[in-house]
Structures are given as C-alpha cells and as structure tokens.
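Coordinate analysis (summary)
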Amino acid sequence: MSFSKWEALMSWGEYYEKMKGMPPRPLLTRALELMPEDQVKIALDLGCGIGTDSMHLLQKGWRVTAVEKEPEGVSLLKSQLDATVSSNLRIIQSSFEALDSLPVVNFVYASLSLPFCQQGSFPGFWKIVESSFSDNCFFAANFFGPEDDWVRPRGCTGHSEAEIRELLHDFEILYLHERKELGPTATSGDKFWHPYSVIAQRK
C-alpha cells in the first residue's frame, strides 16, 4: 500500500487509537539496556505520538523533551501525566520542518518519525538534530530504506545504510538491523517494509 493511499484511508486519530495500551517499542528498551548505570537521563523524543515511549522514559527517571506536531497526540500524552512525572516533561508542538532549535540532550530517540520529515526539508532538520547531541550522546531511531513502499511513491524520506552511517559519522554503531518484508501497517492493509533500526553512541 502506498503512503498516499494510507493517508486517504486513515487519520492520525485512528492510528493513535490503535497505539493505546501498547508497550514501549523494543528499540527503546534495547537502547536503554545498552546504556551505563550512571547514564545522564536527559532525552529528546522526536515524533512522540501519544507518548508511550516518553512515558516509559519519564517513569524511569528521565527528563524528556517530546516533539509532536499532531494536537491529538499531544493531548493524549498530557492525559497520561501525573504529579510524579509532569515536571520532568517539556512538550514542543511542532512539525520537524518548522523547528528552529532543540535542547542539548544525552539521548535522542525517534521511534518511527524521521521518515515523515519531508524529503527536501530533511537536511536542514538533521542539522538541528545534530545540535542536540551532547558528548557521548546515545541515538536510537528507525529509518526507512529506499525500497520501502512509503518512500517510492511520494512523501516519506528514505536512506540507504551508507547514508545512515554518514548521518552518524561521529557515532559508534552499537546495533543496526535491516528488514525487508511484506507486512501489515498498524491500521490498514499490507505494504513492503524496508526499515533500518539503529542504536549508536557519539564517540
């Protein structure tokens, strides 16, 4: 299924409904397992959606800046907060294309959001992301590869493995997994998936 067809069939609100009650993504839990016990806990969650992964970080004692453009996602994240964690969360409601700065953090995380930055805007957006990297910063994200169905027709941004490694040229790659398979989307129909999952640490 092409990305344009998925957009026509499904709203972000319907996607968020499907995501309610889901556990934190395996990429996040794997990244946390690779960090030292004395890790400084200041994180950036890019494209946080309804905030499942942001909440997981908050509950583990992290200070989190969560970026999300969809008002419904922001509202659902806020609805999960209580007094024990709310003071450790900052929300930036913005598209990636409209960002002009990000805070310096020790962990940059993007579960499945980077491909949705417009192709022409990605280089400028990535420079802003780079400005958030502290010394020894951890990074974990999913990218779409060039063969992904949502990259080829329009819109979504894809990267080859070589391009991902270049983006992270001053990082040590701790985990890199490529997947190519036909499989379901969260809400409607199958598509050909070609994601790269990456965990890295700044040298």
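To keep things clear, this report deals only with the structure shown in the data block. Counting restarts for each chain: residues are numbered from 1 in the order of the written sequence. The predicted nature of this model means local features are confined to residues of pLDDT at least 70 and side-chain atom pairs, given and counted, to a pLDDT of 80 or more, with totals for whole chains, interfaces and linings taken over all residues. Only heavy atoms go into the side-chain values, all of them from the structure, while hydrogens and water stay out.

1. Some details on the packing of helix H3 (residues 26–34) against helix H4 (residues 52–59)
Spelled out, the test is: Between N-to-C directions, angles cover 0 to 180 degrees, with each direction set by a line fitted to C-alpha atoms, over the stretch in contact for helices. By definition, any uninterrupted DSSP run of H or I lasting at least four residues is a helix, any uninterrupted run of E lasting at least two residues is a strand, and each is numbered from the N terminus. In what follows, roughly perpendicular refers to angles from 65 to 115 degrees, roughly parallel to angles under 35, roughly antiparallel to angles over 145, and oblique to any angle outside these ranges. Here is the rule for handedness: rotate from the far helix to the near one, and if that takes an anticlockwise turn smaller than a right angle the crossing is left-handed, while a clockwise turn gives right-handed. Here, residues are in contact when the closest pair of their heavy atoms is within 4.5 Å. In this classification, the charged set is Asp, Glu, Lys and Arg, the nonpolar set is Ala, Val, Leu, Ile, Met, Phe, Trp, Tyr, Cys and Pro, and all remaining amino acids, among them Gly, are polar.
Direction vectors running N to C along H3 and H4 enclose 25°, while the axes themselves pass 10 Å from each other. The orientation of H3 relative to H4 falls into the category roughly parallel. Crossing angle aside, the handedness with which H3 passes H4 is right-handed. Here Leu28, Thr29 and Leu32 of H3 come into contact with H4, specifically with Asp53, His56 and Leu57. Classifying every residue of the contact of H3 with H4 gives three nonpolar, two polar and one charged.

2. As for unusual backbone geometry
One non-glycine residue with positive phi stands out, namely Asn136, at about 65°. By the element assignment, Asn136 lies in strand E5 (residues 133–144).

3. Notes on the side chain of His194
As a reminder, the rule being used: Definition of a polar contact: a pair of N or O atoms within 3.5 Å, with one able to donate and the other able to accept a hydrogen when the atoms are protein atoms, and with sequence-neighbouring residues admitted only if both atoms are side-chain atoms.
With respect to the helices, strands and loops of the structure, His194 is situated in the loop between strand E8 (190–193) and strand E9 (195–202). At 2.7 Å, the side chain of His194 and the side chain of Glu178 are in polar contact. With sequence-adjacent residues up to four places away left out, His194 is seen in contact with Phe143, Phe144, Gly145, Pro146, Glu147, Asp148, Glu178, Arg179 and Lys180.

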